[in-house]
Amino acid sequence: MYNFVIKNITNKYDFAELVKIFLTPEEFSAYTEDEFAELSPNERNQGKTVFFNEILSDDKNFIKRQIYNYLSKETGKVPPWGILTGVRPVKLTGELFDRLGGEDAAVKELTETYLLSPEKTALLIDTYKYQQEICGKPDKKSVGIYIGIPFCPTRCLYCSFTSNQVSDSEIARYLEALKAEIAYVGRRMKETGLWPESIYIGGGTPTTLTAEQLDDLLTTVEDNIDLSKTLEFTVEAGRPDTITLDKLRVIKKHGVHRISINPQSMKERTLELIGRSHKPMDIIDAFQKADEAEISMVNADVIAGLPEEEPEDFAETLREILALNAENITVHTLAVKRASRLVEMDKDYHYRQAEKVRKMLEISKKMMAEAGFRPYYLYRQKHMAGAFENVGYCKEGTPCIYNIRIMEERQTILALGAGGISKMYYPEENRLERVPNVSNYEIYISRLDEMMDRKEKNIFMEVERGC
């Protein structure tokens, strides 16, 4: 047991998150100097006490480097993301380019200040430069629109998203409320001059809806939101067991550019373990249906580190997905999220998976490059196996703009539906303000007027004031 005492700070949270990359929460306690002074002598003498920041520096990164270097020596671990604990390292890379004036200075900062490995530094630089090449900076009046469908046929083992298993009548009730919010947002966008660069219908699983419900929802979007300048329209089909040819034809009819079909794994035993109710053949069938419906772009998600999988199982999943000709493949590292069933079963699962996941990610990097894919967006999460990353790969010219924008955080996002978190962007300050909808779909329905009023006061009135 370690007691880590960090001097000259008032908030220990970020430092404790860095320690968690090396040690489980049960193996240490972190304290500010004042907190440690309040402990009894007996409490202070339990475990090994280590003091950081004896020189009383105000530089947070200096303190983090001290912690990282100490724990690397103690544990033998050398995490490749250095002292970074944040979700959006590509965003940081862009800020370094802007602040320091170019690539060489950004590389120096990433390796020397943040202690990133050369491999992760190169990944960030390449991803950022590709994003700038294909997307550039968003127009000031452009927004991304997210529409949430918080329903799934079942809840997966690792999932913590807003997803419910409910009756058809409850879904119909939710859609009526959602359509009202879409109509309001569309009207206010036109009045304020905002336009949607991208639209993303996610969840949950949007294809939990019937073909008729999807048709109704997409008609509502078309009737109320001006799509004349929209570059990208995505519907996350996700679960192969919810995909039918009728639904895909509806999606195609409404001009949707891309869908997701998310296998996670092509190993049948794994699908059973994680709570999926489909088979590998259902995944293949879903891709065939997408071809028949003439859907132009398909993204497929896979996860490294799922229970009972070895690196060869993961490689076989990638081989099979590549053979299905997906345009995008997102390689996720399994994260043990607080609200998931997996954390209840084994809260330290991700610590034991680190080496196995490292091999899986090496496999994915090699296989994606050989197949002509390149990384186009990247993000990280807490409690990921090995503290690694999620990487979206795309064939040339097929990146998902919404994914890039949501991670770079330089565009206003209008999020509709239960669990949606809108973000008002202030470009002059490079600042975001969150404007959340409630997560519970029943409360969303009952408080719909309040959700719209939040957007009115915190987004549309701000746009009218010239913010």
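Shown above is the structure to which this text applies.
These numbers were taken from a predicted model, which means no experiment stands behind them. Each chain has its residues counted from 1, following the order in which its sequence is written. Reporting in this predicted model follows two pLDDT cut-offs: at least 70 for local features of residues, and 80 or more for side-chain atom pairs to be given and counted; totals over whole chains, interfaces and linings ignore these cut-offs and use all residues. Side-chain descriptors were evaluated using all non-hydrogen atoms of the structure, hydrogens and water having been removed beforehand.

Moving on to the overall build of the protein. For helices the rule is a DSSP run of H or I covering at least 4 residues; for strands it is a run of E covering at least 2, with both sets numbered from the N terminus onward. Assigned secondary structure in the protein consists of 19 helices and 14 strands. Each radius of gyration reported is based on C-alpha atoms, and the globular scaling rule is 2.2 Å times the count of residues to the power 0.38. Against the compact-globule benchmark of 23 Å for 467 residues, the protein has a radius of gyration of 23 Å, which places it among compact chains. For the protein, the spread of C-alpha atoms along the three principal axes comes to 65 × 55 × 45 Å. The buried share among the 467 residues of the protein stands at 56%. When a residue's accessible area, from a 1.4 Å probe over protein chains only, is under 20% of the maximum for its type it is buried; when over 50% it is exposed; and in between it is partly exposed.

Let's shift gears to the pattern of salt bridges. When a carboxyl oxygen of Asp or Glu is within 4 Å of a side-chain nitrogen of Lys or Arg, the pair counts as a salt bridge. In total, this model carries 47 salt bridges according to the counting rule given. Note that K179 and E176 form a salt bridge whose closest N and O atoms lie 3.1 Å from each other. Taken as a pair, K179 and E176 lie in helix α8 (residues 168–192) at a separation of three residues, close to a single helical turn. A residue is classified by how much of its surface remains accessible, and K179, at 17% relative accessible area, is buried.

The next subject is the packing of α8 against helix α9 (residues 211–224). Think of each axis as a best-fit line through the C-alpha atoms, taken over the contacting stretch in the case of a helix, with angles from 0 to 180 degrees between the N-to-C directions. Direction vectors running N to C along α8 and α9 enclose 10 degrees, while the axes themselves pass 8 Å from each other. Considered as vectors, α8 and α9 are oriented roughly parallel to each other. Taking contact as the criterion, the partners of D168, I171, A172, L175, L178, K179, I182, A183, G186, R187 and K190 in α8 are, on α9, Q213, D216, L217, T220, V221, D223 and N224. Three residue categories are used. Nonpolar comprises Ala, Val, Leu, Ile, Met, Phe, Trp, Tyr, Cys and Pro, charged comprises Asp, Glu, Lys and Arg, and polar comprises the others, including Gly. In terms of residue class, the contact of α8 with α9 is built from eight nonpolar, four polar and six charged. Roughly parallel means an angle under 35 degrees; roughly antiparallel means over 145; roughly perpendicular covers 65 to 115; every other angle is labelled oblique. Residues are treated as being in contact if the distance between any of their heavy atoms lies within 4.5 Å.

Think of a nonpolar core as a cluster: buried Ala, Val, Leu, Ile, Met, Phe, Trp, Tyr and Cys residues, connected wherever their side-chain atoms sit within 4.5 Å. The biggest cluster of nonpolar side chains holds 124 residues, and the ones touching the most others in it are F4, Y174, L178 and Y444. In terms of residue count, α8 provides more of this core than any other element does, nine residues in total. What F4 contacts, discounting residues up to four positions off in sequence, is V19, L23, F28, S29, A30, Y31, V50, F52, Y70 and L71. One finds Y146, Y200, I406 and I413 within the second-largest nonpolar core, a separate group that totals 16 residues.

Interpretation in functional terms is not warranted from these geometric data alone.
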